[in-house]
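Coordinate inspection notes
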Amino acid sequence: MTEAAVTGPDPERAGPAGDDSAGNDCAGDGSAGGTRAGENPDGADGHGPAAKKAVGRVQPHGEEFVIDLLDRAVSGMGGQSRDGQHEMARQVARAIDSGDHLLVQAGTGTGKSLAYLVPLIAHSLVSQKPTLVSTATLALQTQIVGRDLPRLLKTITPALERPVKVALVKGRSNYVCRHKLDGGFPSEEPSEGQLFSLGEDTSVPHFAAAMGGASSQLGKEVVRLREWAEATASGDRDELMPGVTDRAWRQVSVTSMECLGAQKCPLAGECFSELARQNAADADVVVTNHAMLAVSAFEGLAVLPEYDVVVVDEAHELQDRVTGAVSGQLSVAMVNVAASGARKHTGITVDALSNAAANLELAIEGVPGGLMPNGLNSEQLDCVDQLRDACRAGLSDSKGDSANTADGGRQLARSRLMVILELCERLLAARENREVVWFSRTSTFDPAQGYSQPDESAPALINVAPLSVAGRLREGLFADHTVILTSATLAIGSAFEPAAGGLGLVGPGAPSWTGVDVGSPFEYPKQGILYVAKHLPKPGRGTSPEALDELEKLIRASGGGALCLFSSRRAAEDAAEAMRPRLELSILCQGDSTMTALVRQFADEPDTCLFGTMSLWQGVDVPGDSCRLVVIDRIPFPRPDDPLMTARSRAVAQAGGNGFMSVSATHAAIRLAQGAGRLIRTTTDKGVVAVLDSRLSTERYGGFLRAALPPFWPTTDPAIAFAALERLAKESGQPAA
């Protein structure tokens, strides 16, 4: 284990032993070597035991009690004790007891879910507030609620003072709205490009109109949704099997802004979303997601129950997920939809809104896409100011009377005006509030042609996002809670500062925290090879012929069983198209079917290959012979034209730092580690990670990137890689192609 103590001003395969324990009989010392660098004093920056312990804290529920519970759980599940899992559980228990924040890197195979769930449960027994678990992905959220916690509680409940209550909290639009089912909202389906932003579509149609009858595919889905809504106990979309399209789901759900609220809605007593929140308030352990955590931290809204401790799993995603949750997008089409809805559902005059939309359209017509380093120009700001005033007037005129409080149409219209008003306020104050502004246009996807570049003649979209989420996270998340951040890829080498800095844990006024790496039970140098194709030319636009030839040789040597990760969907599609006529193997590509179906086929067929993007395939977990080769086409740097990353790099440079290393290289290192981590999922897995980007070996920053990867045996010799793959192919019964 390695540990670094830091104070503020200075700078997965699931098995019985846990969530990502990578095999049922996986055992090892879990140690990465190294020595402990220090301990933070209790109470630093007001985070000591006196500040953080819940009233009625019982000391016997301490570190040893946690370890006893963990041992009981592992034994009851048929697993084996792991030093890394024990160490992580101890560190989490200490952090909860001291109130200091903890960053803990737990490599694949550690069993980190159990390592943090057990101390959380022990704490929940004596705390007056719920404890939280937050995940980035739905897959992990489902795994924790549907499998990890039930199995864990089954084994340890006999040793607990009382049963433990678990609740799941999601955004309001994830639940069926009973009022909408009963016709409480109007039926409107927006045209393409008119959907509202902020991660939610507020232009939601209702059943009766514009569906083409129950014989249409949409109609059939909605009929099934109505039947399901009558039987479901939770109203949670993720419990609907098989699922439905987003368009169909919009027929039966509302966003948080569209919702009438518990005080006004006539069906509030039966509301699935309100029921979930009530359950959470009474729960011991609440599972949620990073977006909800962001809304709670940034907006101060009571979307989560009051809590004292939170574990942020998949913490390497927290900064991006939080940024995405609080980013906004404004378009002229949105204003026109809002004006139309306000006129139709509230009866107000919308001339001011229509005029503001027309003026904004002229002001942004033909603007090139990309970052606006100084924000909008004066003409554009004047138009946004005019639009803000029009929205304010519209909201004032559309209040209605108190006798008709359950008017869904009025609420829908007003929610749209409110979204636009808030976006205008942000755009007008963007420079003062250090927010990034850029123009973009929507790209299109055709199943036959793939993705196409945005049409620069199309209407522009105005985007706004915070330059940094560090300050707001420090105030809204870290200031009043004990936070445990964990991931298999949280540190670069032994340094946690790159991850900590983006979350507000570095710099003047930052709270104290401790960084710990508990290692992995895998013997990476013996189980895997890191092959960097040093002889290939630097990647350019698209995949070079030389890289495609190298890819063919690698797959031939391995006889299939290759997970090939690409920098873009177009690159994955082009590579798959190029390989199919060259290889007599099954080549699956992202988009051919659902992710679940593709991964299942890949896992079931040892000679099949799967091509996709790194962003989508971070969570692929295929142990055994079916994944013996992972190919990464290039270092996953942010796009050079990514406005937000560009702005962040410039800000670091202006402050005297290295923008490329702090932003682009750190981003690439974490994602590279996530991709490479797909290879070894159990103690018996073997294989090769092949990177077709020579810069990983030839450029000065290559060492920084390699430090984030598991410690595979490294080589740049293609003969060694091919020979290893041929041996693995023979062992798996799949001769080289």
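What counts, and where the lines are drawn
- Residues numbered from 1 in each chain as written.
- Predicted model: local features only at pLDDT ≥ 70, side-chain atom pairs only at ≥ 80, totals over all residues.
- Heavy atoms only, no water.
- Helix = DSSP H or I, 4+ residues; strand = E, 2+ residues; numbered from the N terminus.
- Areas by Shrake-Rupley, 256 points an atom, 1.4 Å probe, with all protein chains shown as cover.
- Core = buried A, V, L, I, M, F, W, Y, C linked by side-chain atoms within 4.5 Å.
- Buried < 20%, exposed > 50% of the residue type's maximum accessible area, 1.4 Å probe, protein only.
- Contact = heavy atoms within 4.5 Å.
- Pairing = 2+ DSSP bridges.
- Axes fitted to C-alpha atoms, helices over the stretch in contact; angles between N-to-C directions.
- Polar contact = N/O pair within 3.5 Å; in protein donor to acceptor, adjacent residues only side chain to side chain.
- Left-handed = near helix turned anticlockwise from the far one by under 90°.
- Nonpolar A, V, L, I, M, F, W, Y, C, P; charged D, E, K, R; others polar.
- Phe/Tyr/Trp six-rings, centres within 6.5 Å; stacked < 30°, edge-to-face > 60°.
- Expected span 1.5 Å × (residues − 1).
- Bend = angle between axes of the 7 residues up to and from the residue.
- Salt bridge = Lys/Arg side-chain N within 4 Å of Asp/Glu carboxyl O.
- pLDDT = per-residue confidence, 0-100.
- Parallel < 35°, antiparallel > 145°, perpendicular 65-115°, else oblique.

Check the secondary structure of the protein and you find 26 helices and 21 strands. Approximately 30,100 Å² of the protein is accessible, and the part contributed by carbon and sulfur atoms is 49%.

Turning our eyes to something else, we now look at the nonpolar core. Among the nonpolar cores identified, the biggest contains 42 residues, and Tyr116, Ile121, Leu152 and Ile484 are the most heavily contacted of them. Elements represented by at least two residues in this core include exactly helix 2 (63-76), helix 3 (83-98), strand 2 (101-105), helix 4 (112-124), helix 5 (138-156), strand 5 (285-289) and strand 6 (309-312). Ignoring any residue separated from it by four or fewer positions in sequence, one finds isoleucine 121 in contact with Leu149, Leu152, Leu153, Ile156, Leu160, Val164 and Val285.

Moving on, we come to the sheet that holds strand 15 (residues 528-532). Strand pairs in the sheet, formed through backbone hydrogen bonds, run parallel or antiparallel to each other. Taken together, the 7 strands give an open sheet; going across it, the order is 17-18-16-19-20-15-21, and neighbouring strands pair in parallel fashion. One side of each edge strand has no neighbouring strand; the edge strands of this open sheet are strand 17 (587-589) and strand 21 (713-715). On average, adjacent strands in this sheet sit at an angle of 20 degrees to one another, irrespective of strand direction. Both strand 15 and strand 21 contribute to a ladder of 3 bridges, which runs parallel. Looking across to strand 21, one finds that isoleucine 529 is bridged to tryptophan 713.

Turning our eyes to something else, we now look at the side chain of arginine 410. Structurally, arginine 410 can be placed in helix 15 (residues 408-428). In this structure the side chain of arginine 410 is engaged in a polar contact, spanning 2.9 Å, whose partner is the backbone oxygen of serine 398.

How two helices pack is summed up by the angle between their axes together with the distance between the axes. Where helix 12 (residues 332-346) meets helix 15, the closest approach of the two axes is 8 Å, and the angle between their N-to-C directions is 145 degrees. In terms of crossing hand, the pair formed by helix 12 and helix 15 is left-handed. On the side of helix 12, the interface is formed by Met334, Val335, Val337, Ala338, Gly341, Ala342, His345 and Thr346, while helix 15 contributes Gly409, Arg410, Ala413, Arg416, Leu417, Val419, Ile420 and Leu423. Looking at the contact of helix 12 with helix 15 residue by residue, the class counts come to 10 nonpolar, 4 polar and 2 charged.

Take the pairing of strand 13 (residues 482-487) next. Of all 6 residues in strand 13, 6 are buried, a share of seventy percent or more. A two-sided burial pattern is seen for strand 13, the buried positions comprising Thr482, Ile484 and Thr486 on one face and Val483, Leu485 and Ser487 on the other. Across 4 bridges, strand 2 lies against strand 13 in parallel orientation. Counted as the bridge partner of valine 104 is threonine 486 from strand 13. By the bridge criterion, 4 bridges tie strand 6 to strand 13 in an arrangement that is parallel.

This part covers the environment of alanine 352. Checked against the element boundaries, alanine 352 lands in helix 13 (residues 351-364). Since its relative accessible area comes to 43%, alanine 352 is described here as partly exposed. Along the sequence, alanine 352 and leucine 387 sit 35 residues apart, while their C-alpha atoms lie 8.0 Å from each other.

Among the 5 residues that make up strand 20 (residues 687-691), 5 are buried, leaving the element largely enclosed by the rest of the structure. On strand 20, burial covers both faces: Gly687, Val689 and Val691 on one face and Val688 and Ala690 on the other are all buried. Pairing geometry for strand 15 and strand 20, over 5 bridges, is parallel. When the bridges of strand 20 are listed, valine 532 appears paired with valine 691. Note that strand 19 (residues 629-632) and strand 20 share 4 bridges and pair parallel. From the neighbouring strand, leucine 629 faces strand 20, where its bridge partner is valine 688.

Counted by the stated rule, this structure contains 7 aromatic pairs. A ring pair is formed by tryptophan 228 and tryptophan 249, whose centres lie 6.2 Å apart and whose planes are at 55 degrees; its orientation type is tilted. Residue tryptophan 228 is found in helix 7 (residues 217-231), and its partner tryptophan 249 is found in helix 8 (residues 246-250); the two are separated by 21 residues along the sequence. Neither residue differs from the other here; tryptophan 228 and tryptophan 249 are each classed as buried. Each residue in the set Phe522, Tyr524 and Phe712 is aromatic and connected to the rest through ring pairs, giving one cluster.

Once that is clear, we can look at helix 4. In this model, helix 4 (13 residues) spans 18 Å end to end at C-alpha, consistent with the 18 Å of a helix rising 1.5 Å per residue. Among the 13 residues in helix 4, 13 count as buried, and that is most of the element.

Attention now goes to helix 5. Taking 1.5 Å per residue, 19 residues should reach 27 Å; helix 5 reaches 26 Å between its end C-alpha atoms and fits that length. In helix 5, a bend of some 40 degrees at isoleucine 144 exceeds every other bend along the element. Every buried residue belonging to helix 5 is among Leu140, Gln141, Ile144, Asp148, Leu149, Leu152, Leu153, Thr155 and Ile156, and all of these are buried. Packed against the buried residues of helix 5 are helix 2, helix 4, strand 3 (131-135), strand 4 (166-168) and strand 5. The backbone nitrogen of leucine 140 lies 3.4 Å from a side-chain oxygen of the residue at the head of helix 5, namely threonine 137.

Bringing the environment of aspartate 182 into the picture now. Along the chain, aspartate 182 falls in the loop between helix 6 (178-181) and helix 7. For aspartate 182, a relative accessible area of 61% corresponds to the exposed category. With 70 residues separating them along the chain, aspartate 182 and valine 252 place their C-alpha atoms 9.5 Å apart.

The next subject is the sheet that holds strand 7 (residues 328-330). Read from one edge of the open sheet, 4 strands run 7-12-9-8, paired in antiparallel fashion. With partners counted over all chains shown, the strands left at the sheet margins are strand 7 and strand 8 (370-371), one partner each. Bridge count between strand 8 and strand 9 (residues 435-440): 2 bridges; the pairing is antiparallel. Paired with glycine 370 across the strands is phenylalanine 439, a residue of strand 9.

A few words now on the pattern of salt bridges. Taken as a whole, this structure holds 28 salt bridges when the rule is applied. We note a salt bridge from arginine 90 to glutamate 63, for which the minimum N-O separation is 2.8 Å. Of this pair, arginine 90 sits in helix 3 while glutamate 63 is found in helix 2, placing the two residues 27 residues apart along the sequence. The class for glutamate 63 is partly exposed, based on a relative accessible area of 24%. When salt bridges that share partners are traced, they join Asp385, Arg388, Asp389, Arg392 and Glu425 into one network.

Moving on to the confidence of the model for the protein. Model confidence for the protein is summarised by a mean pLDDT of 83, while 84% of its residues fall at 70 or above. In the model, residues 1-60 has pLDDT below 50 throughout and makes 196 contacts with residues more than four positions away in sequence or in other chains. Here residues 189-214 is modelled with pLDDT under 50, and outside its nearest four sequence neighbours on either side it reaches 85 contacts, counting other chains as well.

Attention shifts here to the environment of leucine 138. Examined against the element boundaries, leucine 138 turns out to sit in helix 5. On a C-alpha basis, the gap between leucine 138 and threonine 288 in space is 9.5 Å, while along the polypeptide they are 150 residues apart. When near neighbours in sequence (up to four residues on either side) are disregarded, leucine 138 contacts Lys170 and Asp238.

All right, on to unusual backbone geometry then. Trans is the common state for peptide bonds, and a negative phi is the common state for residues other than glycine. You will see that glutamate 314, though not glycine, has its phi angle at about 50 degrees, which is positive. Relative to the helices and strands, glutamate 314 resides in the loop between strand 6 and helix 11 (318-325).

Interaxial distance between helix 4 and helix 5 falls to 11 Å at its minimum, and their mutual angle equals 60 degrees. On the basis of their axis angle, the class for helix 4 and helix 5 is oblique. When you trace helix 4 past helix 5, the crossing you get is right-handed. Residues Ser113, Leu114, Tyr116, Leu117, Val118 and Ile121 of helix 4 touch helix 5, and the partners they reach there are Gln143, Ile144, Asp148, Leu149, Leu152, Leu153 and Ile156. Residues of the contact of helix 4 with helix 5, tallied by class, amount to 10 nonpolar, 2 polar and 1 charged.

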